[in-house]
Amino acid sequence: MKSYQKLTTAVLQPAACRVEEEGAAQMSAGRRKLAPWCVGSGLLVAAVLLSATTVWVLRQVSGGWPGPTLPPKCLLVPESHRFDCYPERHVVVTQELCESRGCCFIESLPLAGGKRGVPWCFYPPDFPSYTLDSLNQTALGMVGLLVRREKAYYPRDIEMLRLDVEFETDTRLHIKLTDAANPRYEVPLEVPRAMKRAENPIYTLDFSRDPFGVLLRRRATGTVLLNTTVAPLIFADQFLQIATSLPSRFLYGLGEHRGTLLHSLDWSTLTLWARDVSPTESFNLYGAHPFYLLMEEGGDAHGVFLLNSNAMEVALQPAPGLTWRTIGGVLDFYIFLGPDPNMVIQQYQQVIGFPAMPPLWALGFHLCRWGYGSSNETWQTVRAMRNYQIPQDAQWNDIDYMDGYRDFTFNPQKFASLPSLVEDLHKHGQYYVIILDPGISSTNPHGSYWPFDEGLKRGLFLNTTQGQPLIGQVWPGFTAFADFSNPDTHQWWLENLQHFHAHVPFDGLWIDMNEPSNFMDGSEDGCPPGELDSPPYTPAVLGDSLSAKTVCASAKQKASVHYNLHNLYGLMEAKATASALIQIRGKRPFVISRSTFPSQGRYSGHWLGDNRSQWKDMYYSIPGLLSFSLFGIPLVGADICGFSGSTSEELCTRWMQLGAFYPFARNHNTQNEKAQDPTVFSPAARTAMKNALLTRYSLLPFLYTLFHRAHLQGDTVARPLFFEFPWDVATLGLDRQFLWGRSLLVTPVLEPGVESVTGYVPRGVWYDFYTGSSVNSSGEMLKMSAPLEHLNLHVREGAILPTQKPGTTSEATRGNPLRLIVALSSSATAWGDLFWDDGESLDTFERGNYSYLVFNVTQNIFTSTVLHASIEATEVTIGTLSIFGVREPPSKVLLNGQEKPFSYLDNQVLTVSDLGLSLSQGFSLRWL
């Protein structure tokens, strides 16, 4: 009998049962049959499962089931290993329905709250799957043929599949399954092509022949990372399913969802289908990211990316196991072997693309609300911020600036002074950002609204199956939807933006509603009958229909049908928008998008959507921004103080402190709620908010350097603690704190009415950012004082942070002297770096127009080494050096051999001021 083996660790098979990657090179180039799995090992596993389940079986049988109705093969499957054979929602699964699919039926208790728990209908161990019919060598790996001899239960089963395996690098494996006979839709994403086979892969790959399955192991530990023999492979035209065991329960990623950073494997299903809905637990949200990161026991990590843009769900279960279900395309997997989590994310971004380098001003503080009502009221807010000298780089407007909510217009009465406001912002070194929606008003008299008339003339909108523009409804009323899969649409989008920029010279663009969102389901005429809008299987999407609050899946686009392209809509719009900004301004583009897909970081950042002014929403923003760090979109943040509802002074103060450490920091508010910008609060709250922002601005050199490293090699900016301490199991579930880079620990207050906060401090020496006082942790939870005006920040031993005297804009800050903060390790060493350029020009690193410095401390000598220099570095000086953790009071300090005055405090902080050194010159400073 076929046996779907439940492998959680490597099970030894005799040599004849395996095809190992390193031995595969010697295979004959001709057709090659694989030896079947050995009966002995199957019996061994069966015996283990039998002994483990005897008690469970007796309990089930004694629960009233007559013995003969339960086949022994069904009793062999423990609850946690039951893979769902009937995942359809809103169907009462009966024994008759289940057995019609050839599956096992055993009732079990539902989870609390009505959630789905153990599936009642599940695959028996001998459910028919594919057989690996042949496997041949290629220059990069292998190609195989899979055959299904018995049909599964979804229409248009594909009987023969092509298996492509490429050993792309020593840490990256590419496995692809597609129809052997007919082309299928594939995601139009540029991915790197391997030129030669990996020579020393840190993984081994085995196959099961019948049933077909993949077994991937980490070579160093033998850990089984993937074992797809746990459930049958199904590959029908509109239902593709593959399941695997997991080596641990520590799973992250799979966005976009609201929840904890660490996913629960207790029968949870995560749906990926872009949807406009306020962030709510268990709903599919704005973006789709079919990528997970998994932490193995011992601190190793790996990642899996399914390159597929169709509607999808990922079912998690406590085995631990995972099932991918998608309703189109192909199964195109990339596996990243790390072995540490930072490296996994770098390897993922080597495939999807590294994020763009943002302009420096993007990292300043942004202010927005829906409902300023006029350009004059917007201007009043900007002036109030300046009056209180609260840092602000960018002022935004929501849809109320538009005339009738139409793109590329502004209200001639209420926003008449908008061009003057923008001119004033530019004079003060500030920037202006506007919102745009992809829905184009379709009801204006012909000749009165160029964007629609011209789009119609050029055929640039999504069409119905009848070939007419699909009409939905968004803010301006009836709208057509731009088809960004068409290159001609990018040109039209650019021309519209050029026309508007000539009147209102905006600097950045905020692209909203781009799931795309629709106030109707489908269109004004609904959606036509057929298997695109009503597929044989619909994943667990909010609204139970693919067209719920979006356009019809059958809508025609240039590149394919919307059924395939829906999850790519925001990515394609971001690509067009970033390109247009580059052509209009000739500088680095700044784009923030609501809907996202892998590779989005190359074109835009992201905000976490329409949150609420509640304490729990503030907490959920942390797992949100950390997840997007995993997805290669480092420029991310939530609406500070909450979008909907009214904030309180305490909540907004705490949120401004946390938000000052979002990589993208914007306070945003809805209409008809009281204002929540820092100027409207009491002097005490206003000061606390201002101080948090001044701290952020002082850290801009450090933050900018982190973004350079993200752009260059895919480092994360906001980082979960377990990335730096992967062997420390206490960090694996932490999502109420985070790091900037590897060395700045942020511990915010996330609840009302408290004067302290408890946070985890990993093993080692950590220094208070503000005072330099040290705490030596054994890896423990510590209670920290946290009055309303204080945010706890700690610097990790061994780090050097470049900081700067803060100004009220990033431009003003840029000219101020630097202060280097040195946090000595227990062995009195430290390291840091600084990337510096003009803050806005395109491709400065690629063109060599930048400075890069490395700072180092060893044996009481601080050294600054200029590895690359540019003109900008000559305009900045290093003013102060603060060294934390100097254990003995120095007798003297020498700068390049010359004695310098210094101060030394009881908390072991050495400070040398008035250095006046040009950033472009290397130097050394020694203390004796």
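See the structure above.
Residues numbered from 1 in each chain as written. Predicted model: local features only at pLDDT ≥ 70, side-chain atom pairs only at ≥ 80, totals over all residues. Heavy atoms only, no water.

Chemist: If you had to explain the overall build of the chain to someone new, which residues and values would you point to?
Modeler: Looking only at helices and strands, one finds 18 helices and 50 strands in the chain. A globule of 928 residues ought to have a C-alpha radius of gyration of about 30 Å, and the chain, at 29 Å, matches this closely. C-alpha atoms of the chain, sized along the principal axes, occupy 85 × 75 × 55 Å. Relative to its full complement of 928 residues, the chain shows a buried share of 64%. Partitioning the contacts of the chain with sequence separation of at least 6, the portion at a separation of at least 24 is 71%. On the chain, roughly 32400 Å² of surface is accessible, and the fraction owed to carbon and sulfur atoms is 53%. Taking the 72 positively charged and 89 negatively charged side chains of the chain as two groups, their mean positions are separated by 3 Å. (Helix = DSSP H or I, 4+ residues; strand = E, 2+ residues; numbered from the N terminus. Rg over C-alpha atoms; globule rule 2.2 N^0.38 Å. Buried < 20%, exposed > 50% of the residue type's maximum accessible area, 1.4 Å probe, protein only. Contact = heavy atoms within 4.5 Å. Areas by Shrake-Rupley, 256 points an atom, 1.4 Å probe, with all protein chains shown as cover. Lys, Arg positive; Asp, Glu negative; His and termini not counted. Charge placed at Lys NZ, Arg CZ, Asp CG, Glu CD.)

Chemist: Let's hear about the state of the cysteines: which residues, and what values?
Modeler: Across all of its chains, the model carries five disulfides by this definition. Here cysteine 74 engages in a disulfide with cysteine 104; their sulfurs sit 2.0 Å apart. Handedness of the cysteine 74-cysteine 104 disulfide follows from its S-S torsion of about -80°: it is left-handed. Residue cysteine 74 is found in helix H3 (residues 72–75), and its partner cysteine 104 is found in strand S1 (residues 104–105); the two are separated by 30 residues along the sequence. Paired by a disulfide, cysteine 641 and cysteine 652 hold their sulfur atoms 2.1 Å apart. When the S-S torsion is 85°, as for the bridge of cysteine 641 with cysteine 652, the disulfide is right-handed. (Disulfide = S-S within 2.5 Å.)

Chemist: Pulling in residues and values, what's your account of the packing of helix H14 (residues 683–698) against helix H15 (residues 700–713)?
Modeler: In contact at an axis separation of 5 Å, H14 and H15 are set at 55° when each is read in the N-to-C sense. Taken together, the axes of H14 and H15 are oblique relative to one another. Contacts from Arg696, Tyr697 and Ser698 of H14 reach H15 at Leu700, Pro701 and Leu703. For the contact of H14 with H15, a count of residues per class yields four nonpolar, one polar and one charged. (Axes fitted to C-alpha atoms, helices over the stretch in contact; angles between N-to-C directions. Parallel < 35°, antiparallel > 145°, perpendicular 65-115°, else oblique. Nonpolar A, V, L, I, M, F, W, Y, C, P; charged D, E, K, R; others polar.)

Chemist: Tell me about unusual backbone geometry, and name the residues and values.
Modeler: Residue proline 211 is reached from aspartate 210 by a cis peptide bond, and omega for that bond is 5°. As for its position among the elements, proline 211 is in the loop between strand S7 (203–208) and strand S8 (213–218). Following glycine 255, the chain continues into glutamate 256 via a peptide bond in cis, with omega recorded as 10°. Within the secondary structure, glutamate 256 sits in the loop between strand S12 (250–255) and strand S13 (268–272). Of note, serine 282 is a non-glycine position whose phi angle comes to about 75°, a positive value. What makes serine 282 exposed here is its relative accessible area of 60%.

Chemist: Hey, could you go over the pairing of strand S21 (residues 431–436) for me, with residue numbers and the actual values?
Modeler: Burial analysis of S21 places six of its six residues in the buried class, which makes it a mostly covered element. Burial along S21 is two-sided: the face carrying Tyr431, Val433 and Ile435 and the face carrying Tyr432, Ile434 and Leu436 are both buried. The pairing of strand S20 (residues 394–397) with S21 spans four bridges and is parallel. When the bridges of S21 are listed, asparagine 397 appears paired with isoleucine 434. Crossover handedness for the path S20 to helix H7 (residues 418–427) to S21: right-handed. Pairing analysis gives four bridges linking S21 to strand S25 (residues 508–511), with the strands arranged parallel. Paired with isoleucine 434 across the two strands is leucine 509, which belongs to S25. (Pairing = 2+ DSSP bridges. Right-handed = clockwise from strand over helix to strand, strands pointing away.)

Chemist: Go over the sheet that holds strand S35 (residues 764–768), please, and point to the residues and values.
Modeler: Pairing is antiparallel across the open sheet formed by six strands, whose spatial order is S31-S32-S33-S38-S35-S36. The two strands at the open ends of the sheet, each matched to only one other strand, are strand S31 (718–719) and strand S36 (774–777). Looking at chain direction, strand S33 (residues 744–747) and strand S38 (residues 792–796) are connected through four bridges and run antiparallel. Across the sheet, residue leucine 744 finds its bridge partner in S38, namely valine 795.

Chemist: Provide a residue-level description of the packing of aromatic side chains, including the pertinent values.
Modeler: In this structure the tally under the stated criterion is 50 aromatic pairs. Both rings, one in tryptophan 396 and one in phenylalanine 590, keep their centres 6.0 Å apart while their planes meet at 85°; by these two values the pair is edge-to-face. Here phenylalanine 590 lies in the loop between helix H11 (569–585) and strand S26 (591–593) and tryptophan 396 lies in strand S20, a separation of 194 residues in the sequence. Owing to a relative accessible area of 1%, phenylalanine 590 belongs among the buried residues under this scheme. A centroid spacing of 6.2 Å and a plane angle of 55° characterise the contact between phenylalanine 590 and phenylalanine 664, whose relative ring orientation is tilted. Taken as a pair, phenylalanine 590 in the loop between H11 and S26 and phenylalanine 664 in the loop between helix H13 (649–659) and strand S30 (665–667) lie far apart in primary sequence, 74 residues in all. (Phe/Tyr/Trp six-rings, centres within 6.5 Å; stacked < 30°, edge-to-face > 60°.)

Chemist: Tell me what's going on with the sheet that holds strand S23 (residues 472–474), and back it up with residues and numbers.
Modeler: Read from one edge to the other, the open sheet built from three strands follows the order S22-S24-S23, with strand pairing classed as antiparallel. Of all strands in the sheet, those with a lone pairing partner are strand S22 (439–441) and S23, marking the two edges. Geometrically, the sheet is characterised by an average inter-axis angle of 60° between neighbouring strands, direction not taken into account. Note: S22 against strand S24 (residues 477–481), three bridges, orientation antiparallel. Of the residues in S24, the one forming a bridge with isoleucine 440 is alanine 480.

Chemist: Talk me through H15; I want residue IDs and the actual numbers.
Modeler: Its 14 residues give H15 an end-to-end C-alpha distance of 20 Å, which sits within 8% of 20 Å, the value for a rise of 1.5 Å per residue. Buried within H15 are the following residues: Leu700, Pro701, Phe702, Leu703, Tyr704, Thr705, Leu706, Phe707, His708, Ala710 and His711. The positive-phi residue at the C-terminal boundary of H15 is glycine 714, with phi of around 80°. (Expected span 1.5 Å × (residues − 1).)

Chemist: Residues and numbers for the pairing of strand S48 (residues 909–912), please.
Modeler: Alternating residues of S48 divide into Val909 and Thr911 and Leu910 and Val912, and every residue in both groups is buried. Alignment of strand S44 (residues 877–884) against S48, held across four bridges, turns out to be antiparallel. Within the sheet, the bridge partner assigned to phenylalanine 884 lies in S48 and is valine 909. The sheet contact formed by strand S47 (residues 903–904) and S48 spans two bridges and is antiparallel. The residue of S48 that forms the bridge with tyrosine 904 is leucine 910. Where S47 folds back onto S48 in an antiparallel hairpin, the turn is made up of four residues, including glutamine 908, whose phi is positive at roughly 70°.

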